[in-house]
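For reference, the chains in residue letters:
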Amino acid sequence: MMLSCKEVEYSVGRFRLRPFSLELEKGEYCALLGPSGSGKTVILELIAGLRRVHKGRIMIEGKDYTREPPQKRPVGILFQDYALFPHMNVYDNIAYALKISGMTKPDIFRTIQASVHELDIVHLLDRFPDTLSGGEKQRVALTRTLMTHPSVLLLDEPLSALDAGLRDASAALLKKLSSDGLTVLHVTHDPKEVELLAHRSVTIDP
Amino acid sequence: MSGLVLLFLVAPLLGLFFSTSLPNLFQAAADVQVQQSIGLTLGVSALTTLIAAVFALPLAYLMARKDFRGKALLQGLIDIPIVLPHSAAGIAVLGCIARDSALGRLADLFGLNLVGSPFAIGVAMAFVSIPFLINSARDGFQAVPLRLEQAALTLGASPFRVFRQISLPLAKPSVLSGLVLMFARGMSEFGAVVIVAYYPMTTPVLIFDRFNSFGLGYARPVAVLFVIISVLVFIGLRLMGRTGKKNNDVIL
């Protein structure tokens, strides 16, 4: 099993997440559906380690990551607002995880060159995030996340901020990543996205 | 009404400048005691600010990012020096470094007397000025979106790396502003400094000493010189900060 959430419980303030369980096979694309405020994003943050699980366990590739900090988890997350670092250009944003891993500058350059062609952002490398369109920001943020070679990719409403044309292109890209074998958990409130992309869906009740 | 406020601020300074002749000003500038006191004041204040930053910035980050029991009390403690009469702050600092205090006794073992030393001046300056740095930096860290720090964590960065490479650069304008405020507040401090160290004389103490011993005519040229230097340093640091901010604006 690639990802396994077992009876995960969490509460903050007046919000309380009902015990949540989910199992994802390698290469599976699962959509997490639910109305606003049901805790879809909270579940992604719990899996990524950005919030501490109160009860239950989170296993990835058979290893218990429930108490591990976010930087130790083999999880990539694409935030709804992309969270690109505004003081770094696109190249440095993408290189961030590679620098942390201790890769040499020439290796970082080669790795980035290989990825940016594939995601069509080669012309953006010197630009700063505030000069990018929504679709460009998303491709850059996705490339940055994929640099960590995550076992599980978490997507927080990745298509909601894009206009129709970009949405199709972005959906095609996500579909390709999935067909390449990446395990994906995709938060959305749009049933059309589920139909288009996901192998199956899980609905969270408020 | 606004004009009246401006006049209120500018009139004493203009009066100070117009009642000082150029020869007197040059004479003060050539005075070795004045030069030494200005050097001491600027040097100790700058060094104090830099050393304090090492401790104040992590605290400011903690105040911006963490919720914990007693946080309001801690914020109150940080702000205390702002509301204390500065002579009382000086007495408080003196109590910590006097020969009969733990720190004073420790220094005594090495044959040092902290009272009346540049160290005492630095401690007094830091005590009254550090809240300006902490509060300004805290506001800067608070303005950095939490999502960016979280994104860096998920990319494999340690919390310290996130602080160094994400939070600190993005809070830079506020941190620089806090450093300038702390430096400026420290170098202009009189009340606390005069209690812990009459000698060696910082410039505010020297101005007071000349006024007390020789009268207004002798104190005024030193005061004018120090105001000019303070304003120049302040403008210089502000311009540096603005350049940094401009660069940040471009990339933000």
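Residues numbered from 1 in each chain as written. Chains lettered and ligands numbered in written order. Predicted model: local features only at pLDDT ≥ 70, side-chain atom pairs only at ≥ 80, totals over all residues.

1. Here's the deal with the overall build of chain A
Put simply, the test is: Each helix is a run of H or I in the DSSP string that is no shorter than four residues. Each strand is a run of E no shorter than two, and both are numbered from the N terminus. When we talk radius of gyration, it's over C-alpha atoms, and the globule rule is simply 2.2 Å times the number of residues to the 0.38. Backbone-placed C-beta atoms define the burial measure: a residue is buried with 20 or more other C-beta atoms within 10 Å of its own, exposed with 12 or fewer, and partly exposed in between. This entry defines residue contacts through backbone-placed C-beta atoms, with two residues in contact when those atoms are within 7 Å.
Secondary structure assignment for chain A yields six helices and nine strands. Computed over C-alpha atoms, the radius of gyration of chain A comes to 17 Å, within 12% of the 17 Å expected from 2.2 N^0.38 for 206 residues, which places it in the range of a compact globule. The C-alpha extent of chain A, read off along each of the three principal axes, is 45 × 40 × 35 Å. Within chain A, the proportion of its 206 residues that are buried is 40%. When contacts within chain A are restricted to residue pairs at least 6 apart in sequence, those whose partners lie at least 24 apart make up 70%.

2. A word on the overall build of chain B
Across its full length, chain B carries 13 helices and zero strands. In sequence order, the secondary structure elements of chain B are arranged as α-α-α-α-α-α-α-α-α-α-α-α-α. C-alpha extents for chain B along the principal axes are approximately 65 × 50 × 35 Å. The buried share of chain B, reckoned over its 252 residues, is 38%.

3. Focus on the interface of chain A and chain B
Stated precisely, the cut-off is as follows: By the convention adopted, Pro, Cys, Tyr, Trp, Phe, Met, Ile, Leu, Val and Ala count as nonpolar, Lys, Arg, Asp and Glu as charged, and the other residues, Gly among them, as polar.
With 21 residues of chain A in contact, the opposing surface of chain B contributes 17 residues. For the side of chain A that touches chain B, the secondary structure elements donating two or more residues are β6 (75–78) and α2 (90–100) of chain A. Residues that form the side of chain A that touches chain B fall into these classes: 13 nonpolar, five polar and three charged.

4. Details of the packing of α2 of chain A against helix α4 (residues 134–146) of chain A
Residue and element names in this part refer to chain A. For the record, the criterion: Whenever a helix is involved, its axis is fitted only over the stretch in contact; in every case the axis is a line through C-alpha atoms, and angles between N-to-C directions fall within 0 to 180 degrees. For classification purposes, an angle smaller than 35 degrees is called roughly parallel, one larger than 145 roughly antiparallel, one from 65 to 115 roughly perpendicular, and anything else oblique. Here a crossing is called left-handed whenever its near helix is offset anticlockwise from the far helix by less than a right angle, and right-handed whenever the offset is clockwise.
Two elements in contact, α2 and α4, have axes separated by 7 Å at closest approach and are oriented at 25°. Taken together, α2 and α4 sit at an angle that is classed as roughly parallel. Note that α2 runs across α4; the crossing there is right-handed. In contact with Val90, Asn93, Ile94, Tyr96 and Ala97 of α2, α4 contributes Val140, Thr143 and Arg144. Within the contact of α2 with α4, the residues separate by chemical class into five nonpolar, two polar and one charged.

5. As for the nonpolar core
Selection rule: Put simply, a nonpolar core is a cluster of buried Ala, Val, Leu, Ile, Met, Phe, Trp, Tyr and Cys residues tied together by C-beta atoms within 7 Å.
Counting residues in each nonpolar core, the largest one holds 119 residues, and the members touching the most others are Leu154 of chain A together with Ala124 and Val196 of chain B. It is helix α7 (residues 118–142) of chain B that provides the largest number of residues to this core, a total of 14 residues. In contact with Val196 of chain B, not counting residues within four places along its chain, are Gly90, Val93, Leu94, Ile97, Val115, Ala120, Ile121 and Ala124 of chain B.

6. Re helix α1 (residues 40–48) of chain A
All names here are of chain A. A large share of α1 lies buried, amounting to nine of its nine residues. For α1, the full list of buried residues reads Lys40, Thr41, Val42, Ile43, Leu44, Glu45, Leu46, Ile47 and Ala48. Positive backbone phi, at 90°, marks Gly49, one or two positions downstream of α1.

Bear in mind that shape data such as this cannot, by itself, settle questions of function.
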